[in-house]
Amino acid sequence: MSATPELVSICLCERLLQDVFRRDSVTLVNVHNSVASQGFPILIPVIYAFAQLSPSPKPFTYKFVITDSKNAVVTASLSSEVAALHHKNALHKVIGAFTSLVLPAADVYTVTLFIDDKAIGTIPFEAAMVQAEELSHNKLPTLIRYRIRHQQEGDQLTDLPSCLLNVGRLRPLPLLWQRYWGRRYRQHP
């Protein structure tokens, strides 16, 4: 067991469920490392960074930082302290939440995990621009094509459940008034 924890795994997800009785039991929902949008900037309501670390016999602090391809910091999670873990087969599980994350442009962003202000691991996160022409050639599933067709026709369409459509949760900033909270989902064919 080393004095500083080593990175075992790191990933990004849309939801994270932690068992109330077993704090080491964590379920990741909708694990991904890219998003697509027809326009930028985009708003991602929430995204979680999750990492597993080797046990450390002393306490440490951690934080996640998102940077763009020019190494400019887009956002950072709050720094949190983790207690020592003396069991050699257990793993530290650290979580960073980013709410109302605004990505200004299509780019490959980097999510970096810092332990005691030292970078120990990264994961790429791509924000891609998708053109309307690409969407109309049956390259996407039916639910996505349906949503895009109705947005292009100017219909007000509430968000689909995120489990059915990941890109449906992303919004160009001028459309923030169409937030999905509290609205009923429309029936889709």
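See the structure printed just above.
Attention in this report is confined to the structure presented alongside it. (Residues numbered from 1 in each chain as written. Predicted model: local features only at pLDDT ≥ 70, side-chain atom pairs only at ≥ 80, totals over all residues. Heavy atoms only, no water.)

## Here's the deal with the side chain of S77
Right, on to step 1. Within the secondary structure, S77 sits in the loop between β6 (73-76) and β7 (80-82).
Right, on to step 2. Take S77: its relative accessible area is 10%, and that puts it in the buried class.
Right, on to step 3. If sequence neighbours within four positions are ignored, S77 has contacts with K63, F64, G96 and F98. (Helix = DSSP H or I, 4+ residues; strand = E, 2+ residues; numbered from the N terminus. Buried < 20%, exposed > 50% of the residue type's maximum accessible area, 1.4 Å probe, protein only. Contact = heavy atoms within 4.5 Å.)

## A few points about the environment of N30
Right, on to step 1. Position of N30 relative to the elements: it lies in strand β2 (residues 26-31).
Right, on to step 2. Considering only alpha carbons, one finds N30 and L12, 18 residues apart in sequence, at a separation of 8.5 Å.
Right, on to step 3. Engagement of the side chain of N30 in a polar contact is seen with the side chain of E14, the distance being 2.6 Å. (Polar contact = N/O pair within 3.5 Å; in protein donor to acceptor, adjacent residues only side chain to side chain.)

## Some remarks on the pairing of strand β4 (residues 42-53)
Right, on to step 1. Across the 12 residues of β4, 11 count as buried, placing the element largely inside the fold.
Right, on to step 2. Where strand β1 (residues 7-18) and β4 come together, 6 bridges link them in antiparallel fashion. Each bridged residue has a counterpart across the sheet, and for L7 the counterpart in β4 is L53.
Right, on to step 3. Relative to strand β8 (residues 92-103), β4 runs antiparallel, the two being bridged by 11 bridges. If you follow A49 over to β8, its bridge partner there is G96. (Pairing = 2+ DSSP bridges.)

## Brief notes about the layout of surface pockets
Empty space left among the atoms is revealed by rolling a probe the size of a water molecule over them.
Right, on to step 1. Taken as a whole, the second largest pocket encloses approximately 250 Å³ of empty space.
Right, on to step 2. Forming the walls of the second largest pocket are Q18, R23, D24, Y62, V82, L85, L91, H92, K93, V94 and I95.
Right, on to step 3. Considering each element in turn, the lining of the second largest pocket owes the most residues, 4 residues, to β8.
Right, on to step 4. Residues belonging to the lining of the second largest pocket are distributed by class as follows: 6 nonpolar, 2 polar and 3 charged. (1 Å grid on protein atoms, 1.4 Å probe; cavity = no way out; pocket = protein on both sides within 12 Å on 5 of 7 lines; lining within 4 Å. Points joined across faces, edges and corners; volume = space filled by probe spheres on them. Nonpolar A, V, L, I, M, F, W, Y, C, P; charged D, E, K, R; others polar.)

## Some thoughts on the nonpolar core
Within soluble globular proteins, side chains that are nonpolar tend to cluster in buried spots.
Right, on to step 1. F64, L103, L113 and F125 are the most contacted members of the largest nonpolar core, which has 25 residues in total.
Right, on to step 2. When residues of this core are traced back to their parent elements, those giving at least two are β1, β4, β5 (60-67), β8, β9 (107-115) and β10 (118-129).
Right, on to step 3. Considering each element in turn, this core owes the most residues, 6 residues, to β4.
Right, on to step 4. In this structure F125 touches L12, H32, N33, S34, V35, I44, I47, L103, D107, V108, Y109 and V111, once residues within four positions along its chain are discounted. (Core = buried A, V, L, I, M, F, W, Y, C linked by side-chain atoms within 4.5 Å.)

## Brief notes about the packing of aromatic side chains
Any two aromatic rings considered together are summarised by their centre-to-centre distance and by the angle between their planes.
Right, on to step 1. Taken as a whole, this structure holds 1 aromatic pair when the rule is applied.
Right, on to step 2. Note on Y62 and F64: the rings are 6.1 Å apart at their centroids and 80° apart in plane angle, and the pair reads as edge-to-face.
Right, on to step 3. A relative accessible area of 0% places F64 in the buried class. (Phe/Tyr/Trp six-rings, centres within 6.5 Å; stacked < 30°, edge-to-face > 60°.)

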